[in-house]
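Residue-level structural notes
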Amino acid sequence: MTCKTSLFLLINILSFRLSATNITVSGNVSGKWNADTVYVTSTIELPFGDSLTIQPGCIVLFDGFFRFNLWGKLTAVGNISNPIRFERRDTTGYHEPNINGAWEGIRVGSISTAPSVLEYCIFRFMKGNRGINLEYGSSSFRNCRFEDNKTTPLVYLSDKNHSIKNSVFSNNESSMVILVGPQYNDTIRLENNTITNNSGNAIYSQGFVNTVLSLINCILWNNNLSQPAQPEIFDNKYEFYGFDTSSILLRNCIIKNGNQLPYFNSSCFTQDPKFVNAAQRDFALRWDNYPVNDTTRSVGIDNGYHLSQPDADSTTSDIGAISFFRIERRNHTWTRFGIDTAVGYLSNLTVHFINLSNTVTTPVIWMWDFGDGNTSTDRNPVHTYTQTGVFTLKLKATDQDGHQDSLILANAVNVLPGKRINPGIVGGTWEKQYNPYYVYGDIYVPDNNKLIIQPGVEVRFMGSYSLDVYGSLFAQGSAIDTISF
């Protein structure tokens, strides 16, 4: 072996040793973890007011049944190729019914102005109670994976300032994967998550006074492996003096046997989501014969909530954590729209349609169908409904290459009989043909003004509101057509 070759090998060995860095931490932590591996030898805390950044590809290994308490701000942002891993170093005894071979989990209690951010992180081999405890503070979990854990619940979520999105929960032994316990009058959202192949309920909802759990573009599939007859969602309703004051809202979700749930609706699906390979934990959506629109296409592709952010290929959001992606789909127009009003009264319901479609080529031919027999070719039309009913909306786009795409929103506009009266000044004439008149606040007739209420008019106050008259009020009914307040 020549000296030059020996020197080359020595440099390579030294370079490898320098690049494969390890550090050991305990107690309070902060600063930056630029190491390849971080060994944790006790429960660690990120103090309030401090921050910690973990580099992509870092592996955080706990040497015992320890917890990571976050009172400050953690930034742990990996990427697809270099995720950040949180695991137990020695998993010997993990499958035994004790704490052997596991770490305890993460508690987020940060009350700093900026939330902790964890993206492309993997969490494995946790045991105990509340593996990821999101009780206070704020945090954002994106594109994370939670697998091979034995905590109940796996995630405890009770504050609306925590966000979990585009994350996969699979192969966990937990009687409940996510326990949601909102605080008074809160709405908690879970968006574009895939929860599958776990032993217990995908979601356990612990309602409270005037709380809402909103699930958007989520897949809940093949959970409750130990009790297949149990629903994917367990709804522990909260009643206040006999009234149910908590609710669950589903938008464009895929839920196994979801039609057994009382709040299941027409935006959701019960068909198999068609994962690429669930056995190998590849939960991307499958479309074997793309672009042929046949039975090989997952029902989750392009069927997400129409107001969600488009996917990376510019198409309508998919359902679940991992979307179907083909870069050539960016070359076409994909329809997406919103409306400013979904429910209103016949006498004054004008809807503004907001075209949010991805437009690559021009010109584009737009064709709107408002569901009441009227259409428009404007990009952002305005339409006034002249009949009561529930109407389905459709937008069809045709670009210059002949590519067509359509979006249908079933039962999107509800036109009710009657007229809405907003708080403030009233006057003029209230006619029977616009019955009933719904009053949504305190109203008054000012000086030098008059309000005429014709026979047969029904006035319904939608709360403890008043009608004060400083000008003139003429309300003269008849024996046949009384005026009711």
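Look up a bit, the structure's there.
Residues numbered from 1 in each chain as written. Predicted model: local features only at pLDDT ≥ 70, side-chain atom pairs only at ≥ 80, totals over all residues. Heavy atoms only, no water.

**Concerning the sheet that holds strand β35 (residues 350-355)**
Basically, it comes down to this: Criterion used throughout: strands pair if DSSP finds at least two bridges between them. Helical segments are the DSSP runs of H or I of at least four residues, strand segments are the runs of E of at least two, and each set is numbered from the N terminus. A fitted line through C-alpha atoms serves as each axis, taken over the contacting stretch for helices, and the angle formed by two N-to-C directions is quoted from 0 to 180°.
The strand order across the open sheet built from three strands is β33-β35-β38, with neighbouring strands paired in antiparallel fashion. In this open sheet, the two edge strands, each paired with only one partner strand, are β33 (337-339) and β38 (382-384). Averaged over all adjacent pairs, the angle separating strand axes in this sheet is 25°, with direction ignored. Pairing between β33 and β35: three bridges, direction antiparallel. Among the inter-strand pairings, G338 is bridged to a residue of β35, identified as I354.

**As for the nonpolar core**
Stated precisely, the cut-off is as follows: We call a set of buried residues a nonpolar core when its members are Ala, Val, Leu, Ile, Met, Phe, Trp, Tyr or Cys and they connect through side-chain atoms within 4.5 Å of each other. Summary of the burial criterion: residues with accessible area below 20% of their type's maximum are buried, those above 50% are exposed, and those between are partly exposed, where the area comes from a 1.4 Å probe applied to protein chains only. The criterion used for residue contact is that any of the two residues' heavy atoms lie within 4.5 Å.
Ranked by size, the top nonpolar core spans 56 residues in total, and within it F68, F86, F123, L190, I203 and I233 carry the most contacts. With four residues, the single largest contributor to this core is strand β3 (residues 37-46). Beyond its immediate chain neighbours, meaning those up to four positions away, F86 contacts I54, V60, F62, F68, W103, I106, C121, I122, F123 and R124. Core analysis: the next-biggest nonpolar cluster, separate from the first, contains 18 residues, F337, F370, F391 and V413 among them.

**Quick word on unusual backbone geometry**
Looking along the chain, the bond that leaves T152 and enters P153 is cis, with omega of -10°. Mapped onto the secondary structure, P153 falls in the loop between β16 (150-151) and β17 (155-157). In this structure, the amide linkage connecting Y290 to the following residue, P291, adopts the cis form with an omega of 5°. The phi angle at N252 is positive, at roughly 55°, despite the residue not being glycine. Looking at N252, the relative accessible area reads 13%, which means it is buried. Of note in the backbone geometry, S314 takes a positive phi value of approximately 75° without being a glycine. Residue placement: S314 occurs in the loop between β32 (282-285) and β33.

**Considerations on the pattern of salt bridges**
As a reminder of what qualifies: By definition here, a salt bridge exists when the distance from a side-chain nitrogen of Lys or Arg to a carboxyl oxygen of Asp or Glu is within 4 Å.
A complete count under the given rule lists 16 salt bridges for this structure. Of the charged contacts, one joins R281 and E147 as a salt bridge, the two residues approaching to 3.8 Å between their closest N and O atoms. One end of the pair, R281, is in the loop between β31 (275-277) and β32; the other, E147, is in strand β15 (residues 145-147), and 134 residues separate them in sequence. E458 is paired through a salt bridge with R460; the nearest N and O atoms lie 3.0 Å apart. Take E458: its relative accessible area is 28%, and that puts it in the partly exposed class. Residue classification places R460 among the partly exposed positions, given a relative accessible area of 40%. The network of salt bridges with shared partners includes R85, E87, R124, R145, E147, D148 and R281.

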